[in-house]
Amino acid sequence: MLSVLPLIDQAVVTLAPQFRALSIVVQAAPLTHPGVAQEALERACRSVLAGGPSWGDAHLAAWADTFRAFGAKPQRTPCSAQALRKRVLKDGHLPSLDPIVDLYNAISLEYAIPVGGENAQAYMGPPRLVVAEGTEPFDTMKEGAPAYEYPDPGEVVWRDEKGVTCRRWNWRQGARTRLDADARHMWFILESLPAMPLEALTEAGDTLIEGLQRMMPGVQIESSLIGPGAS
């Protein structure tokens, strides 16, 4: 099992002292039941259209406030969970992309929580949640071609030793560490603020793990809590 030990910079702790997350590390097995993900995605879209969890709106509003605190404009660049929710509310569904991506998007929608999925083998050093200086490269795609851009100084980003892996905390994922069903070592991060009950965060993680186990019998999984409440 590949070890993944995410690190949270003190500047981020100061910005959001009650931020906590579930880190889930996966050594994949053959994906034999991809339909599990499609079922989960359809169920999650129905949940959004029905109103979602009772605390969901408050949790997404808290993320918007947190984005504003480091200078982001959530109306233009919302947290990932809000962006998915807007698409479902507009179109009534979310298109299928990849079984693994569909599964973690389903968790994000059903639990109103940003969920990141990363190819752990593509990382150089541990994932770190930091306040950017503005010089860190971020690899992306523009007009179908590989390109680099840079975060704003003061922007909260996930990064490794090579550069930024996700901009504006959980808004846009980079190309280098992007996850799909072919990855052998996966890392998921479920990110929450106090408006989301701890038991709901735990349930979201358990639901993701159960889905992975159904899709990939024999998969190996480790889960750990980061932040307040962690043992």
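Each value, and the rule that gives it
Residues numbered from 1 in each chain as written. Predicted model: local features only at pLDDT ≥ 70, side-chain atom pairs only at ≥ 80, totals over all residues. Heavy atoms only, no water. 1 Å grid on protein atoms, 1.4 Å probe; cavity = no way out; pocket = protein on both sides within 12 Å on 5 of 7 lines; lining within 4 Å. Points joined across faces, edges and corners; volume = space filled by probe spheres on them. Helix = DSSP H or I, 4+ residues; strand = E, 2+ residues; numbered from the N terminus. Nonpolar A, V, L, I, M, F, W, Y, C, P; charged D, E, K, R; others polar. Contact = heavy atoms within 4.5 Å. UniProt positions renumbered as here; feature names shortened; annotations may be inferred. Buried < 20%, exposed > 50% of the residue type's maximum accessible area, 1.4 Å probe, protein only. Core = buried A, V, L, I, M, F, W, Y, C linked by side-chain atoms within 4.5 Å.

### Here we look at empty space enclosed by the protein
Per the stated rule, a full pass over the model turns up one cavity of 30 Å³ or more. Estimated volume of the largest cavity: approximately 90 Å³. Val 48, Gly 51, Gly 52, Pro 53, Gly 56, Asp 57, Leu 60, Ala 81, Arg 85, Ser 108, Leu 109 and Ala 112 are the residues that line the largest cavity. Secondary-structure elements contributing two or more residues to the lining of the largest cavity are helix 3 (56-69), helix 4 (80-91) and helix 5 (99-111). By residue number, the principal contributor to the lining of the largest cavity is helix 3, which donates three residues. Taken together, the residues of the lining of the largest cavity break down into six nonpolar, four polar and two charged.

### With respect to the side chain of His 185
Within the secondary structure, His 185 sits in strand 10 (residues 185-192). Once residues lying within four places of it in the same chain are set aside, the contact partners of His 185 are Leu 2, Val 26, Gln 27, Glu 118, Asn 119, Ala 120 and Gln 121.

### A short note on the UniProt feature "domain: B3/B4 tRNA-binding" (unreviewed entry) in the chain
Under the present numbering, the feature "domain: B3/B4 tRNA-binding" (unreviewed entry) in UniProt falls on residues 61-217. Helix makes up 33% of residues 61-217 and strand 24%, whereas the separation of the span's terminal C-alpha atoms amounts to 37 Å.

### Looking at unusual backbone geometry
With a phi close to 50 degrees, Ala 112 is a non-glycine residue in the positive phi region. Considering the arrangement of structural elements, one finds Ala 112 in the loop between helix 5 and strand 3 (115-119). With relative accessibility at 8%, the residue Ala 112 sits in the buried group. Within the chain, Glu 143 stands out as a residue other than glycine whose phi angle is a positive 55 degrees. Inspection of the secondary structure assignment puts Glu 143 in the loop between strand 5 (138-142) and strand 6 (145-149).

### Structural notes on the nonpolar core
Core analysis: the biggest nonpolar cluster contains 67 residues, and Ile 100, Trp 169, Phe 188, Leu 190 and Met 216 have the highest contact counts within it. When contributions to this core are tallied by element, the ones reaching two or more residues are strand 2 (20-27), helix 2 (35-49), helix 3, helix 4, helix 5, strand 7 (156-159), strand 10 and helix 6 (198-215). Here this core gets eight residues from one element, more than from any other, and that element is helix 5.

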